[in-house]
Amino acid sequence: MRHCSVQVRGLLTRDELDRYNALMEVGSFLESQTRYDLAYTVQKEVDLLIQPAIERLKDKGRERDRATQEYLEAKRLGLEADEEDNEEDED
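Because the structure is a prediction, the values reported are computed rather than measured.

Attention now goes to the confidence of the model for the protein chain. Looking at the protein chain, pLDDT values average 92 and 95% of them are 70 or higher. Of all the helices and strands in the protein chain, helix H3 (residues 36-90) carries the lowest mean pLDDT, 90, while helix H2 (residues 14-32) carries the highest, 97.

This is the structure:
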């Protein structure tokens, strides 16, 4: 059974996390019994279960990128304003 990343697990709701842990336990048991055909089905369920958390992680990344872009734009505008002030002082 493939585990999802720590970042994704951190964004699972309590119910999702409980279900994730239960599915992983079942999948591990099935693998220990060499029932890989059934473990594959359980893995597919895990993959479906974590999709909303993956989307939440992507949203956080987009939000962080947006905030970074706004910061850099404000920084650029601040530098341009400082340059204009310096040019006015020289005249």
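Moving on, we get to the environment of Arg76. Residue placement: Arg76 occurs in helix H3. A relative accessible area of 37% places Arg76 in the partly exposed class. Along the primary structure Arg76 and Asp59 are separated by 17 residues, whereas in three dimensions their C-alpha atoms are 25 Å apart. Within polar-contact distance, the side chain of Arg76 engages the side chain of Glu73 at 2.4 Å.

Let's shift gears to the side chain of Gln43. Along the chain, Gln43 turns up in helix H3. A distance of 2.8 Å separates a polar side-chain atom of Gln43 from the backbone nitrogen of Arg2. If we ignore the near neighbours within four places in the chain, the residues touching Gln43 are Met1 and Arg2.

This paragraph deals with the pattern of salt bridges. Taken as a whole, this structure holds 8 salt bridges when the rule is applied. Here Arg35 and Asp37 are joined by a salt bridge, their closest N and O atoms 3.3 Å apart. Residue class for Arg35 comes out partly exposed when judged on its relative accessible area of 38%. Asp37 gets classed as partly exposed once you look at its relative accessible area, which sits at 47%. Among the ionic pairs, Glu73 bridges to Arg76, the shortest N-O distance being 2.4 Å. Taken together, the residues Glu73 and Arg76, both in helix H3 and 3 residues apart, mark about one turn of the helix.

Rules and cut-offs
Residues numbered from 1 in each chain as written. Predicted model: local features only at pLDDT ≥ 70, side-chain atom pairs only at ≥ 80, totals over all residues. Heavy atoms only, no water. pLDDT = per-residue confidence, 0-100. Helix = DSSP H or I, 4+ residues; strand = E, 2+ residues; numbered from the N terminus. Buried < 20%, exposed > 50% of the residue type's maximum accessible area, 1.4 Å probe, protein only. Polar contact = N/O pair within 3.5 Å; in protein donor to acceptor, adjacent residues only side chain to side chain. Contact = heavy atoms within 4.5 Å. Salt bridge = Lys/Arg side-chain N within 4 Å of Asp/Glu carboxyl O.

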